Amino acid sequence: MSLTPSSDRPGLHISKPSPSEPATASAVCHCGASATAKGDAQVGALVSGWNANHGSAHGK
């Protein structure tokens, strides 16, 4: 089973295989927005944006 989000299965997926490797992330929202990021700082920014504007933020 793939954990990568898709339009059929929206969500946020973050991976960091080891402490020495950069994090990667992908996000797909049910509103149609999508994003990818590579590197710890960029992944952190993607997560912050997701929390503020997508995912459960749509329920507010």
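Just so it is clear, the model here is predicted, and its values are computed rather than measured. (Residues numbered from 1 in each chain as written. Predicted model: local features only at pLDDT ≥ 70, side-chain atom pairs only at ≥ 80, totals over all residues. Heavy atoms only, no water.)

K.L.:
What exactly am I supposed to notice about the pattern of salt bridges here?
P.N.:
If charged atoms from side chains of opposite charge come close, those side chains can pair. Applying the stated rule across the entire model yields one salt bridge. The closest approach of N and O atoms between lysine 16 and aspartate 40, which form a salt bridge, is 3.1 Å. Pair noted here: lysine 16 is in the loop between β1 (11-15) and β2 (24-28) and aspartate 40 is in helix α1 (residues 40-53), with a separation of 24 residues, a long-range link. Given a relative accessible area of 39%, lysine 16 falls into the partly exposed group. (Salt bridge = Lys/Arg side-chain N within 4 Å of Asp/Glu carboxyl O. Helix = DSSP H or I, 4+ residues; strand = E, 2+ residues; numbered from the N terminus. Buried < 20%, exposed > 50% of the residue type's maximum accessible area, 1.4 Å probe, protein only.)

K.L.:
What is the right way to read the environment of serine 2 from this model?
P.N.:
Relative to the helices and strands, serine 2 resides in the segment before β1. What makes serine 2 partly exposed here is its relative accessible area of 41%. Sequence spacing of serine 2 and serine 34 is 32 residues, and the spatial spacing of their C-alpha atoms is 17 Å.

K.L.:
Help me understand the sheet that holds β1, please; the structure alone is not making it clear to me.
P.N.:
Sheet strands pair via backbone hydrogen bonds, and the direction of the pair is either parallel or antiparallel. Strand order in the open sheet formed by three strands is β1-β2-β3, and the pairing between neighbours is antiparallel. Two strands close off the open sheet at either side, each with one partner strand: β1 and β3 (34-38). With direction set aside, neighbouring strand axes in the sheet form an average angle of 5 degrees. Across the sheet, α1 touches β1, β2 and β3, and the angle it forms with β3 is around 155 degrees. (Pairing = 2+ DSSP bridges. Axes fitted to C-alpha atoms, helices over the stretch in contact; angles between N-to-C directions. Contact = heavy atoms within 4.5 Å.)

K.L.:
Would you mind showing me how to read α1 here?
P.N.:
Owing to its 3.6 residues per turn, the α-helix brings residues three or four apart onto one side. Compared with an ideal rise of 1.5 Å per residue, which puts 14 residues at 20 Å, α1 spans 20 Å between its outermost C-alpha atoms and is within 8% of the ideal. Among all positions in α1, only Val43, Leu46 and Trp50 are buried. Viewed along the axis of α1, the buried residues span an arc of 60 degrees, placing them on a single side of the element. Exposed residues pointing more than 90 degrees away from the buried face of α1 are listed as Ala41, Ala45 and Ala52. As for α1, its buried residues are in contact with β1, β2 and β3. Among the residues trailing α1, glycine 55 stands out with phi positive, at a value near 55 degrees. (Expected span 1.5 Å × (residues − 1). Arc of directions from axis to C-beta.)

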